[in-house]
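Chain residues, written in single-letter form:
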Amino acid sequence: MADSLMTTYQRLPVAFERGEGAWLWDTEGNRYLDSVTGVAVCGLGHAHPEIAKALCDQASSLLHTSNLYRIPLQEQLGERLRLCSLAAMEKAFFANSGAEANEAAIKIARLYGNKREIKNPAIIVMEQSFHGRTLATLSATGSRKVQAGFDPLVQGFIRVPYDNIEAIEEIAQHQKNVVAVLVEPVQGEGGVNVPASDYLNRIREICDQHQWLMMLDEIQTGIGRSGKLFAHQHNSILPDVMTLAKGLGNGMPIGACLAQGKAAEVLAPGNHGSTFGGNPLACRVAMTVLDIVESQQLADRAAKLGERFQSEFIAKLADLPGVTSIRSKGLMIGIELDRPCGELVGKALEQKLLINVTAGNVIRLLPPMIISDDECKLIIDKVSALVADFL
């Protein structure tokens, strides 16, 4: 049956049929501990009873009407996200994915520049970044592997090294058509790259100085995973545009582009749209996700668990030849080796553990925020043993 699918994925030889919390069961009845969670999507784990109830209740009432009409649940979710950001992010556009949310952000930046009569408006983006696989978002992405074969790429992006303020300042001195900076607070696909503690603050200052939009891709870092509801809250700053997806729906496809200030009024009727974006089902689930994350203080839980993962991995692995870096931000954990280690994904699967390798040589762990202390220990022990045996 797999022959009927396009070969866009290199799938592992396992198929899952049910899940509960941090665990998945395959079609043969084997149980696996999930420290990938659908690539940072299922932050509340699998088959969460409150989310399941919200899905069933809404599905029995109304799934879809389209954005030709008011959607009260969409309005409620927009207001909820505004309040989550301390009433600062003023407007929301809802889509179906992170790539679509970033498309909206890119279009906001282009319109913002054109309305200021800036010829060929450009957006500063980062090397090793990942913003999606649509033509515009892969053009913004800092990976030739992702872009390969899709030339000509969309123009209007200026690339600089991540965590390098001097490179942005240099561009500010010489290029007059820049209108925005698009950056991830932590680079996920790029290898769990955590910047200097003041990096986002300095970007905010530069954007203010030059009237650029500061646009944060919080698709992977948002909804508690970084140890705050939104990762930029670690820096006590506010972006002009913020994109969300992944954890917002806990498996239900939804994306959001939030804006405030000068960026919030750029889009007008007819400028942008989505057939399915912000439908009642997706918004009902997202509201439930926010209820759970806030009521159970899961962002704080993610921060504490992240500190535990980092400290214990350092204790177990830092002295091993071949381990070059151990870094984390909340429940985004990266263990960088001095060699390609993609084969560890298969070795972990044999041990009934799901892990991910990104950037070729970085073991990336994205466990759910509801993980128990015992499950946390099990991941640490299994991954440490795998790395030690591999090296």
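Read on for a plain summary of the structure. Residue positions are given per chain, counted from 1 along the sequence in the order it is written. Side-chain atom pairs in this predicted model are given and counted only at pLDDT of 80 or more, local residue features only at pLDDT of at least 70, and totals for whole chains, interfaces and linings cover all residues. As a convention, hydrogens and water are excluded, and side-chain values are obtained from all of the structure's heavy atoms.

Considering the overall build of the chain
Here is the rule we go by: Comment: elements are numbered from the N terminus, with helices defined as DSSP H or I runs of at least four residues and strands as E runs of at least two. The reference for a compact globule is 2.2 Å times residues^0.38; the radius of gyration itself is calculated from the C-alpha atoms. To sort residues, take the accessible area from a 1.4 Å probe on protein chains only and compare it with the maximum for the residue type: under 20% means buried, over 50% means exposed, and anything in between is partly exposed. In what follows, a contact means two residues having at least one pair of non-hydrogen atoms within 4.5 Å.
Each helix and strand counted, the chain has twelve helices and 15 strands in total. In summary, the chain has a C-alpha radius of gyration of 21 Å against a globular reference of 21 Å for 391 residues, a match within 12%. The C-alpha extent of the chain, read off along each of the three principal axes, is 60 × 55 × 45 Å. Here the chain holds 391 residues, and 54% of them are scored as buried. The long-range fraction of contacts in the chain, counting pairs at least 24 apart against all pairs at least 6 apart in sequence, stands at 71%.

Structural notes on the side chain of Ser-274
Inclusion rule: For the purposes of these results, a polar contact is taken to be a pair of N or O atoms within 3.5 Å, where, inside protein, one atom must be able to donate a hydrogen and its partner to accept one; residues adjacent in sequence count only when each atom of the pair is a side-chain atom.
Mapped onto the elements of the fold, Ser-274 is located in the loop between strand S10 (255-259) and helix H9 (280-295). Overall, the relative accessible area of 15% leaves Ser-274 in the buried class. Here Asn-96 takes part through its side chain, which lies 3.4 Å from a polar atom of the side chain of Ser-274. When residues no more than four places from it in sequence are discounted, the contact partners of Ser-274 are Asn-67, Phe-93, Phe-94, Ala-95, Asn-96 and Glu-100.

Some details on the packing of aromatic side chains
Note the following rule: Two aromatic rings from Phe, Tyr or Trp, using only the six-membered ring of Trp, form a pair when their centres are within 6.5 Å; if the ring planes differ by under 30 degrees the pair is stacked, by over 60 it is edge-to-face, and anything between is tilted. We count a charge as sitting over a ring when the NZ of a lysine or the CZ of an arginine lies within 6 Å of the ring centre and within 35 degrees of the ring normal.
Within this structure, the stated rule accounts for three aromatic pairs. Aromatic side chains Tyr-162 and Tyr-199 sit 5.3 Å apart centroid to centroid with 70° between the ring planes, which places their arrangement in the edge-to-face category. A residue pair is termed long-range when its members are at least 10 positions apart, and Tyr-162 in the loop between strand S6 (157-160) and helix H7 (165-174) and Tyr-199 in helix H8 (residues 199-210) qualify at 37 residues. Sitting above the plane of the Trp-25 ring, Arg-18 keeps its charged end 4.0 Å from the centroid. Over the aromatic face of Trp-23 sits the side chain of Arg-31, whose NZ or CZ is 3.6 Å from the ring centroid.

Examining the sheet that holds strand S2 (residues 23-26)
Short version of the rule: In short, DSSP must find at least two bridges between two strands for them to pair.
Pairing is mixed across the open sheet formed by four strands, whose spatial order is S1-S2-S3-S13. What marks the edges here is a single partner per strand, and that holds for strand S1 (16-20) and strand S13 (353-354). Strand direction decides the pairing type here: S1 and S2, joined by four bridges, are antiparallel. From the neighbouring strand, Arg-18 faces S2, where its bridge partner is Trp-25.

Concerning H8
Applied cut-off: Multiplying 1.5 Å by the residue count of a helix minus one yields the expected span of that helix. The reported arc concerns the directions from the helix axis to the C-beta atoms and nothing else.
Taking 1.5 Å as the rise per residue, H8 with twelve residues should run 16 Å; its terminal C-alpha atoms sit 17 Å apart, in good agreement. When H8 is considered as a whole, its buried residues turn out to be Tyr-199, Leu-200, Ile-203, Arg-204, Ile-206 and Cys-207. For H8, the buried positions fall inside an angular range of 165° around the axis, keeping them on one side. H8 presents Glu-205 and Gln-209 as exposed residues on the side facing more than 90 degrees away from its buried surface. Those residues of H8 that are buried lie in contact with strand S5 (122-126), H7, strand S7 (178-183) and strand S8 (213-217). One or two positions beyond H8, positive phi appears at Gln-211, with a value near 60°.

Quick word on the pattern of salt bridges
We apply this condition: Salt bridge, as used here, is a side-chain nitrogen of Lys or Arg placed within 4 Å of a carboxyl oxygen of Asp or Glu.
Counted according to the given criterion, the structure contains 17 salt bridges. Of the charged contacts in the structure, one is a salt bridge between Arg-204 and Asp-208, with a shortest N-O distance of 2.8 Å. Highlighted residues: Arg-204 and Asp-208, both in helix H8, separated by four residues, approximately one helical turn. The class for Arg-204 is buried, based on a relative accessible area of 9%. When its relative accessible area of 48% is taken as the criterion, Asp-208 is described as partly exposed. Arg-204 is the partner of Asp-240 in a salt bridge, and the nearest nitrogen-oxygen pair spans 2.9 Å. One end of the pair, Asp-240, is in the loop between S8 and strand S9 (241-244); the other, Arg-204, is in helix H8, and 36 residues separate them in sequence. Overall, Asp-240 belongs to the buried group, its relative accessible area being 5%.

Remarks on the nonpolar core
To keep it simple, the criterion reads: Nonpolar cores are built from buried Ala, Val, Leu, Ile, Met, Phe, Trp, Tyr and Cys residues. Side-chain atoms within 4.5 Å join them into one set.
One finds Phe-313 and Ile-363 to be the most contacted residues of the largest nonpolar core, which totals 62 residues. The element that contributes the greatest number of residues to this core is H9, accounting for ten residues. Ile-363 has contacts with Ile-333, Gly-334, Ile-335, Leu-337, Cys-341, Leu-344, Ile-355, Asn-356, Val-357 and Val-387, leaving out every residue within four places of it along the chain. Ala-104, Phe-157, Leu-182 and Leu-213 belong to the second largest nonpolar core, which has 25 residues in total.

Regarding helix H3 (residues 72-84)
Within an α-helix, residues lying three or four positions from one another point in the same direction, as the helix has 3.6 residues per turn. Counted at 1.5 Å a residue, the expected span for H3 with its 13 residues is 18 Å, and the 18 Å between its end C-alpha atoms agrees. Among the structural elements, helix H2 (49-59), strand S4 (91-95), S9, S10 and H9 are those in contact with the buried residues of H3.

A short note on the side chain of Glu-103
This is how it is decided: Under the counting rule used here, the positive set is Lys and Arg, the negative set is Asp and Glu, and His together with the chain ends is not counted.
Among the structural elements, Glu-103 can be located in helix H4 (residues 98-115). Despite its burial, Glu-103 pairs with no opposite charge; the closest candidate is Lys-107, at 6.6 Å N-O. Sequence-distant contacts of Glu-103, that is, excluding residues within four places in its chain, are made with Thr-134, Leu-135, Ala-136 and Thr-137.

Some thoughts on the environment of Ser-60
Relative to the helices and strands, Ser-60 resides in the loop between H2 and H3. Classification of Ser-60 by relative accessible area gives exposed; the value is 65%. For the pair Ser-60 and Leu-281, spaced 221 residues apart in the sequence, the C-alpha separation amounts to 10.0 Å. One polar contact links the side chain of Ser-60 to the main-chain carbonyl oxygen of Asp-57, over a distance of 2.7 Å.

Quick word on the sheet that holds S8
Quick reminder of the rule: Axes here mean lines fitted to C-alpha atoms, for a helix over just the part in contact, with angles spanning 0 to 180 degrees between N-to-C directions.
Spatially, seven strands are ordered S4-S10-S9-S8-S7-S5-S6 in an open sheet, and the strand pairing comes out mixed. A strand with exactly one partner marks an edge of an open sheet, and here the two such strands are S4 and S6. Taking each pair of neighbouring strands and ignoring which way they run, the sheet shows an average axis angle of 20°. The strands touched by H3 are S4, S9 and S10; relative to S4, the strand with the most contacts, the crossing angle is about 125°.

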